[in-house]
Amino acid sequence: MSTVNPRQRLDVLCQLLNDYNHQYYVLDNPTVPDVEYDRLMRELQSIEHDNPELKVATSPSQRVGGEALASFSQITHLKPMLSLDNAFSDDEMQNFVRRLEERTGRSNDVFCCEPKLDGLAVSLLYVDGVLTRAATRGDGLVGEDITQNVKTIKAIPLQLRGDDFPQRIEIRGEVFMPFAAFNGINERAIAHGEKAFANPRNAAAGSLRQLDSKITASRGLSFYAYSTGVVELENTPMSDHHYGQLQQLKGWGVPVSPEVKQVKNLADMIAYYQDILNRRSELAYEIDGVVNKLDSIQGQDKAGFVAKAPRWAIAYKFPAQEEMTTLLDVDFQVGRTGSITPVARLEPVFVGGVTVSNATLHNKDEIERLGVKIGDKVIIRRAGDVIPQIVSAVVAQRPNDTRDIEFPSTCPECDSAIERLEGEAVARCIGGLVCGAQRKEAIKHFSSRKAFDIDGLGDKLVEQLVDEDMINTPSDLFSLTQEHLLTLERMGEKKAQKLLSALEASKSTTLAKFIYSLGIREVGEATASNLAQFFKTLDKIKAASVSRLTDVDDVGEIVAKHLYYFLKQPHNLAVINSLIEAGIHWSVIEEKDASALPLVGQTWVITGTLHTMGRSEAKEKISALGAKVAGSVSAKTTMLVAGEKAGSKLTKATELGVKTLDEDGLISFLAQFE
Ligand code: IVH
């Protein structure tokens, strides 16, 4: 047996895990799937567990988090962490460049353009290449010690690569949460009935400021460096240009945004801004603008600082995505499937580059969660092409005359009842056939192939007929005339005649198809067919209670309720009646008299192997003749079907004097009824 030296294996594992992270986060070139990374990580943890003396300070196992802290300690920054001045227009950018030139007496300077990441600033201190301390920005002078948490962020190297890094170097950058991680966390939060994060920046901040670093480890945070702080060189010269310094950082294994670019002048900076703004929705993380920095470090020193921001850098912000406005009213919209959505009517406000006067409020739960009232000041947010959302109500500024948002009790479009099933967030109008909002979808479904299968009546024509007010419900289809049809565009005599014949032919149908065509929620073809088989007549289905409906195969509580409520709506009944008046008919499903079946009152048992039909088919055939098929033999058993290798049941039947049939006997017995 070969023994692996744990020290050697541990070295290999550390090297592999560090390389995989580097390939993923710095080189943007993932080489192994997550499961492989996780497998190696578990192996490393297990070796360290068994050999604690081998564990090093830079071990990748720190990525999983450690003991929770009681509180964060404070860290005074070696150099203040500054913020940035903002520009909101090309003119303001022009002013920035002009002032900079005046101040430094330089011209034709090169700039470095970077995305402005929407996360939070951190400072990382590497001593002899080892990450030794990490801090939040705090107020710029004093931040919090978040070293344990930062070590769980896989994008941040625990050890710098190579050997030409400064003896001490402070690296500054942004910790952020990519959209994928953000969406996943919010989906899980909502599924657990917890509050979702309003945006990726809040989510990143909430995840980084956790006393339990294991929580931070689970949040999928990432990092890009954007500057250095204090650097103590020894013999490593830093580049005299910002862009060059970022490349050095990258060389030492620190991730830098691939979007960073050196440009020549103002026009280039404006073009860069436009380009990034256009590609914003393609990026995997949130940005709120671009940052333009004078590239020359010498030039930066000349420009100096004003208050808390450098004169040599500026954030050119994208149009705000969040604004405050007033909630004027709430309307309720009915979707094509009957879903009722509350829509906020807002005092128009310019946000994210467009004027917004409506925002979705999703559903009743969301209204309750927001605690918003009509008349409130609200924060609205627009991200990319997404429908504007209400983020929060500004309760501190609530006027005296606000009103509660009242959910309607009937459909605002057709006055039918609204239902909201247990466990569902969405309320729906159940007037499927008559509701104006659902009309087109209902008629399309009605005429589709598996329903009335009306040849020549495609989706386009349905829309045309509804738009021209020629039909409102499926039953109106049957009063269309050649004259009516010929008034439509692209409708010739031949086509009209064909459609009328197809409508006429479709009148002869089956009860199952008729039920399916009504478009009752959750009632598909199979359920419609089971209903027809079980009840035989439409009247019986209409009269059935919810609990009676659940006696049908595949009909559970939810489907039964959909059916029940649908068939209680006067509007829906009116459409059903007019369809029947229009001549829709189906052949009667014969009631078989159960008491007349030949094996009524008998109990059969089947055992052993049946070669020609199998036990389940045999069971079906025997039950169809009226017998009960039981699992065990008793004195009450009428007949035991004993296939090959029948065992204890056959013995028992013989003991009890129960009659038996072998497979051939069963086949000839059944043949007499075919
Ligand atoms: S440079 C002295 N570069 O924006 C310059 N900041 O509004 C200090 N930020 O606190 C910052 N992306 O959190 C810089 N590429 C970038 C940035 C960036 C995001 C953040 C950073 C800073 C804030 C200032």
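First things first, this report covers the structure right here in the doc.

1. Thoughts on the sheet that holds strand E5 (residues 130-136)
Across the sheet, which stays open at both edges, the four strands sit in the order E5-E4-E7-E8 with antiparallel pairing between neighbours. Of all strands in the sheet, those with a lone pairing partner are E5 and strand E8 (222-232), marking the two edges. Each strand of the sheet is rotated relative to its neighbour by a mean of 25°, with strand direction disregarded. With eight bridges connecting them, strand E4 (residues 120-127) and strand E7 (residues 168-176) associate as antiparallel partners. Bridge assignment links Leu125 to a residue of E7, and that residue is Glu170. Helix H6 (residues 200-208) contacts E4 and E7 of the sheet and is inclined by roughly 40° relative to E4.

2. Digging into the sheet that holds strand E26 (residues 659-661)
If you trace the four strands from one edge of the open sheet to the other, you get E24-E23-E25-E26, paired in parallel fashion. At either end of the open sheet lies a strand with only one pairing partner, and these are strand E24 (628-630) and E26. For this sheet, the mean angle separating the axes of adjacent strands, direction not counted, is 30°. Bridge count between strand E25 (residues 639-642) and E26: three bridges; the pairing is parallel. By the bridge assignment for E26, Val641 is matched with Leu661. Packing against the sheet, helix H23 (residues 648-656) makes contact with strand E23 (603-607), E25 and E26, and its axis sits at approximately 145° to E25. In the packing of helix H24 (residues 663-671) onto the sheet, contacts are made with E23, E25 and E26, and the angle to E26 comes to roughly 90°.

3. Regarding the site of the ligand
Around the ligand, the structure places 13 residues, and the nearest of them are Glu114, Lys116, Glu174, Tyr226 and Lys293. Note that a nitrogen atom of the ligand is positioned 3.2 Å from one of the backbone N or O atoms of Pro115. A distance of 3.0 Å separates a nitrogen atom of the ligand from a polar side-chain atom of Lys293. Here the ligand loses 87% of its free accessible area of 520 Å² to cover by the protein chains. Breaking the shell around the ligand down by element, the ones donating at least two residues are strand E3 (111-117) and strand E10 (287-294). Per element, the largest residue contribution to the shell around the ligand is four residues, and it comes from E3. Of the residues contributing to the shell around the ligand, the split by class is eight nonpolar, no polar and five charged.

4. Re the packing of aromatic side chains
In total, this model carries 16 aromatic pairs according to the counting rule given. Judged by centre distance (5.1 Å) and plane angle (55°), the ring pair of Phe176 and Tyr285 falls under tilted. Remark: Tyr285 occurs in the loop between helix H9 (266-279) and E10 and Phe176 occurs in strand E7; sequence separation between them is 109 residues. Judged by centre distance (6.3 Å) and plane angle (80°), the ring pair of Phe446 and Phe478 falls under edge-to-face. Residue Phe446 is located in helix H12 (residues 439-447), and its partner Phe478 is located in the loop between helix H13 (459-467) and helix H14 (482-486); the two are separated by 32 residues in the primary sequence.

5. Re the pattern of salt bridges
Note on pairing: side chains with opposite charge can pair once their charged atoms come close. Counted by the stated rule, this structure contains 30 salt bridges. Notably, a salt bridge pairs Glu144 with Arg209, separated by 2.8 Å at the nearest N-O pair. A residue pair is termed long-range when its members are at least 10 positions apart, and Glu144 in strand E6 (residues 142-144) and Arg209 in the loop between H6 and helix H7 (213-217) qualify at 65 residues. Classification of Arg209 by relative accessible area gives partly exposed; the value is 43%.

6. A closer look at the nonpolar core
A general feature of soluble globular proteins is that nonpolar side chains tend to end up buried together. Judged by nonpolar contacts, the single largest core of 54 residues is most densely connected at Ile454, Leu465, Leu477, Leu485, Phe514, Leu531 and Leu549. Ignoring sequence-local partners within four residues, the contact set of Leu477 consists of Ile443, Phe446, Ile454, Leu457, Leu465, Ile471 and Leu503.

7. Considering the side chain of Ser257
Relative to the elements of secondary structure, Ser257 occurs in the loop between helix H8 (242-251) and strand E9 (261-263). Residue class for Ser257 comes out buried when judged on its relative accessible area of 7%. A polar contact is formed between the side chain of Ser257 and the backbone nitrogen of Glu259, at a distance of 3.0 Å. For Ser257, the contacting residues outside a window of four places in its chain are Pro115, Tyr224 and Tyr285.

Definitions and cut-offs
- Residues numbered from 1 in each chain as written.
- Predicted model: local features only at pLDDT ≥ 70, side-chain atom pairs only at ≥ 80, totals over all residues.
- Heavy atoms only, no water.
- Pairing = 2+ DSSP bridges.
- Helix = DSSP H or I, 4+ residues; strand = E, 2+ residues; numbered from the N terminus.
- Axes fitted to C-alpha atoms, helices over the stretch in contact; angles between N-to-C directions.
- Contact = heavy atoms within 4.5 Å.
- Near = heavy atom within 4 Å.
- Polar contact = N/O pair within 3.5 Å; in protein donor to acceptor, adjacent residues only side chain to side chain.
- Areas by Shrake-Rupley, 256 points an atom, 1.4 Å probe, with all protein chains shown as cover.
- Nonpolar A, V, L, I, M, F, W, Y, C, P; charged D, E, K, R; others polar.
- Phe/Tyr/Trp six-rings, centres within 6.5 Å; stacked < 30°, edge-to-face > 60°.
- Salt bridge = Lys/Arg side-chain N within 4 Å of Asp/Glu carboxyl O.
- Buried < 20%, exposed > 50% of the residue type's maximum accessible area, 1.4 Å probe, protein only.
- Core = buried A, V, L, I, M, F, W, Y, C linked by side-chain atoms within 4.5 Å.

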